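# A structural walkthrough
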Amino acid sequence: MGGARTLAQVYRHFGEVDAAGTSPLYERVAVALSESDEALRAIEAAPARRRHPSVVLAALHDLALAGRAPALAAAYAAGDGDAAAGAAIDTLLQMTDSVVAIAGRRPTRTFETGRCAVLYPAIAEAARRVGADAVGLIDVGRSAGLDLHVDRVGITYGNGQSLGDPSSPVQLTSSIVGDRPVPTRSVPEVVARVGVDPDPVDVTDADDARWLRACLWPDRPERIARLDAEMALAATDPPLLLRGDAVEVLPDAVARVPADALPVVTTTWALSQVRLESRLRFLHRLDEAAAGRAVAWVSAEGVGVAPGIPTLGDRRASGHSIIGLAVFDGPALRAEAVGRCWSQGRVLAWLADS
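First, a word on what this report is: a plain description of the structure on this page. Each chain carries its own residue numbering, running from 1 in the direction its sequence is written. This being a predicted model, a pLDDT of at least 70 is required before a residue's local features are given, and a value of 80 or more before pairs of side-chain atoms are given or counted; all residues contribute to the totals for chains, interfaces and linings. No hydrogens and no water enter the side-chain calculation; it runs on all heavy atoms of the structure.

### Looking at the overall build of the chain
Heads up, the condition is: The helix and strand labels rest on DSSP assignments: H or I over at least four residues marks a helix, E over at least two residues marks a strand, and numbering proceeds from the N terminus. For the radius of gyration, the atom set is restricted to C-alpha positions; the globular benchmark scales as 2.2 Å times the number of residues to the power 0.38. With a 1.4 Å probe rolled over the protein chains alone, any residue whose accessible area is under 20% of its type maximum counts as buried; one over 50% counts as exposed, and the rest are partly exposed. Contact criterion: two residues are considered in contact whenever any of their non-hydrogen atoms come within 4.5 Å of each other. In short, Shrake-Rupley with a 1.4 Å probe defines the accessible areas, and a residue's cover is counted only from the protein chains shown.
Scanning the chain from terminus to terminus reveals 12 helices and 11 strands. For the chain, the C-alpha radius of gyration of 21 Å lies close to 20 Å, the compact-globule estimate for 354 residues. Each of the three principal axes of the chain carries a C-alpha extent, and together these read 60 × 40 × 40 Å. Across the 354 residues of the chain, 54% fall into the buried class. Taking as baseline every contact in the chain between residues at least 6 positions apart, the subset at least 24 positions apart corresponds to 70%. In the form shown here, the chain has an accessible surface area of approximately 14800 Å², with 49% of it arising from carbon and sulfur atoms.

Encoded structure:
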């Protein structure tokens, strides 16, 4: 994306392919940016790795939500693609330094609530296997720690099963593939909630919360409403957020879980962001943490991404993910693939005997 021509192609592809049929506003805005030489030159003021449409559009959206780009905010609110395209270019040209600063400082954040539909039965199964009456949740790489409230949401599966809290303001759905139901047991008492991320997001901080909203596409009101409900739920019992690399911070995170509770470490599509060497070090650190107590690891990662988790013979480019459950208990390691999922948890196939 170093030259204007290549950058133009990236933005056109984002509009005509990535946003097409999903976000008419971003489809129109991205194509307009691809056709404006001035806009492309402004985008090139950002570091090369921060010029992607998802980053720049989120930065523009952040300015709109903050009240600093009223014309863009009005166009988004009206769902007017042409007005949004013009306002986006004007905002980018008039506030280039602000857009570049936001894009360079803030990594984009995406949250799919379907993760909890995967995590809930796997966490409950981990507790059952260890005989734990309480768990401490340690979420790695999800920045805002919204998954740490998995026990406080309601989940309805396509086969009629339900788990979690039916009165929760956050209600999720997930389809079931195959004839094996998910386990019906509940997640035991959660006595600790710890998030680990190099750049954690605090949902009780107004700027952080606004950035999470900015990363959503402005013409997806149902997703915005869902995120607001999730953040409001998390704010009633904010997790402890630890800043740093998971390999380095994990021992501290495990130590924050009371001795009579099972630490359950969760990773959801986070390990694919790091090299294999770091993934193996992460597995080793989990093993070290279990020297004096049992530790469980629940993962939802692409096929072959989570070290030690069986792949069931699936191909890496199969389009689905493996739900893994590993229990570290002294010298013993029991690792199993307990399910498959698609669309980051919106479709689930449970496989394990429970």
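### Side note on the sheet that holds strand β5 (residues 189–197)
Note the cut-off: DSSP bridges decide pairing: two strands pair if at least two such bridges lie between them. What counts as an axis is a line fitted to C-alpha atoms, over the stretch in contact for a helix, and the angles between N-to-C directions run from 0 to 180 degrees.
As summarised here, the arrangement of the 11 strands in space is β3-β2-β4-β11-β10-β9-β8-β7-β1-β5-β6, forming an open sheet in which the pairing is mixed. Lying at the two open borders of the sheet, with one neighbouring strand each, are β3 (162–164) and β6 (240–243). This sheet shows a mean twist of 25° between the axes of neighbouring strands, independent of strand direction. Sheet analysis places strand β10 (residues 332–342) next to strand β11 (residues 347–350), joined by 4 bridges and oriented antiparallel. Within β11, the residue paired with tryptophan 342 across the bridge is valine 347. Contacts from helix α12 (residues 276–289) reach β1 (134–140), β7 (262–268), β8 (295–302) and β9 (321–329), with the element oriented near 165° to β8.

### Examining helix α11 (residues 246–255)
In plain terms, the rule: To obtain the arc, one takes the directions from the helix axis to the C-beta atoms. By the criterion applied in these results, polar contacts are pairs of N or O atoms within 3.5 Å in which, for protein atoms, one can donate a hydrogen and the other can accept it, and in which residues neighboring in sequence qualify only through two side-chain atoms.
For α11, the full list of buried residues reads Ala246, Val247, Val249, Leu250, Ala253 and Val254. Seen end-on, α11 carries its buried residues on one side only, within an arc spanning 150°. For α11, the secondary structure elements touched by its buried residues are β1, β5, β6, β7, α12 and β8. One side-chain oxygen at the N-terminal end of α11 lies 3.0 Å from the backbone nitrogen of valine 247; it belongs to aspartate 245.

### Observations concerning the pattern of salt bridges
Keep this limit in mind: Salt bridges are counted wherever a side-chain nitrogen of Lys or Arg sits within 4 Å of a carboxyl oxygen of Asp or Glu.
One pass over the full model with this rule turns up 20 salt bridges. A salt bridge links aspartate 252 to arginine 256; the nearest nitrogen and oxygen atoms lie 3.0 Å apart. Overall, the relative accessible area of 34% leaves aspartate 252 in the partly exposed class. Notably, a salt bridge pairs arginine 340 with aspartate 314, separated by 2.8 Å at the nearest N-O pair. Placement of arginine 340 in strand β10 and of aspartate 314 in the loop between β8 and β9 is noted, with a sequence separation of 26 residues between them.

### Quick look at the layout of surface pockets
To keep it simple, the criterion reads: Every definition here rests on a 1 Å grid over the protein atoms only: cavities are sets of points where a 1.4 Å probe fits but cannot get out, pockets are open sets enclosed by protein on both sides within 12 Å along at least five of seven lines, and lining residues have some atom within 4 Å of a point. Grid points are joined across faces, edges and corners, and a volume is the space filled by probe spheres set on the points. The nonpolar class holds Ala, Val, Leu, Ile, Met, Phe, Trp, Tyr, Cys and Pro. Asp, Glu, Lys and Arg form the charged class, and all remaining residues, Gly among them, are polar.
Within this model, the largest pocket holds a volume of roughly 1100 Å³. Lining the largest pocket we find 42 residues, and of these Thr108, Gly141, Arg142, Trp269 and Gln273 sit closest to its centre. Secondary-structure elements contributing two or more residues to the lining of the largest pocket are α1 (4–18), α4 (53–65), β5, α11 and α12. For the lining of the largest pocket, the leading source of residues is α4, giving 4 residues. Here the lining of the largest pocket is composed, by residue class, of 21 nonpolar, 10 polar and 11 charged.

### Some points on the side chain of aspartate 197
Counting through the fold element by element, aspartate 197 comes out in strand β5. Classification of aspartate 197 as buried rests on a relative accessible area of 6%. There is a polar contact of 2.8 Å between the side chain of aspartate 197 and the backbone nitrogen of aspartate 199.

### Regarding the environment of alanine 48
Within the secondary structure, alanine 48 is located in the loop between α3 (37–43) and α4. Since its relative accessible area comes to 47%, alanine 48 is described here as partly exposed. Distance in space between the C-alpha atoms of alanine 48 and glycine 104 is 9.6 Å, their sequence separation being 56 residues.

### A short note on the nonpolar core
Here is the rule: Think of a nonpolar core as a cluster: buried Ala, Val, Leu, Ile, Met, Phe, Trp, Tyr and Cys residues, connected wherever their side-chain atoms sit within 4.5 Å.
One finds Ile123, Val135, Leu137, Tyr157, Val264 and Leu348 to be the most contacted residues of the largest nonpolar core, which totals 42 residues. Broken down by element, this core gets its largest block of residues, 10 residues, from helix α8 (residues 114–130). Leu25, Ala64, Ala85 and Cys215 belong to the second largest nonpolar core, which has 40 residues in total.

### Here we look at the pairing of β1
The buried fraction of β1 is high, at 7 of 7 residues. Side chains Ala134, Gly136, Ile138 and Val140 of β1 all project onto a buried face; the interleaved residues Val135, Leu137 and Asp139 project onto the opposite face, where all are buried too. Judged from the 7 bridges that link them, β1 and β5 form a sheet pairing that is parallel. Its bridge partner lying in β5, valine 135 is registered against valine 190. Here β1 runs beside β7; their pairing, made up of 6 bridges, is parallel. From the neighbouring strand, isoleucine 138 faces β7, where its bridge partner is valine 265.

### Section: the packing of aromatic side chains
Heads up, the rule is: Think of it this way: a Phe, Tyr or Trp ring, Trp meaning its six-membered ring, pairs with another when their centres are within 6.5 Å, and the plane angle makes it stacked under 30 degrees, edge-to-face over 60, tilted otherwise.
As enumerated under the stated definition, the model contains 4 aromatic pairs in all. Note on phenylalanine 14 and tryptophan 217: the rings are 5.9 Å apart at their centroids and 65° apart in plane angle, and the pair reads as edge-to-face. Of the two residues, phenylalanine 14 sits in helix α1 while tryptophan 217 sits in the loop between α9 (206–214) and α10 (221–235), which places them 203 residues apart along the sequence. Taking the centre distance of 5.6 Å and the plane angle of 80° together, the rings of phenylalanine 282 and tryptophan 297 count as edge-to-face.

### Side note on the pairing of β7
Judged by how many residues are buried, β7 sits mostly within the fold: 7 of 7 residues are covered. Going residue by residue along β7, you find Leu262, Val264, Thr266 and Thr268 tucked away on one face and Pro263, Val265 and Thr267 tucked away on the opposite face as well. Here β7 runs beside β8; their pairing, made up of 5 bridges, is parallel. Considered in β8, the bridge of valine 264 is made with alanine 296.

Just distances and angles here, no functional claims.
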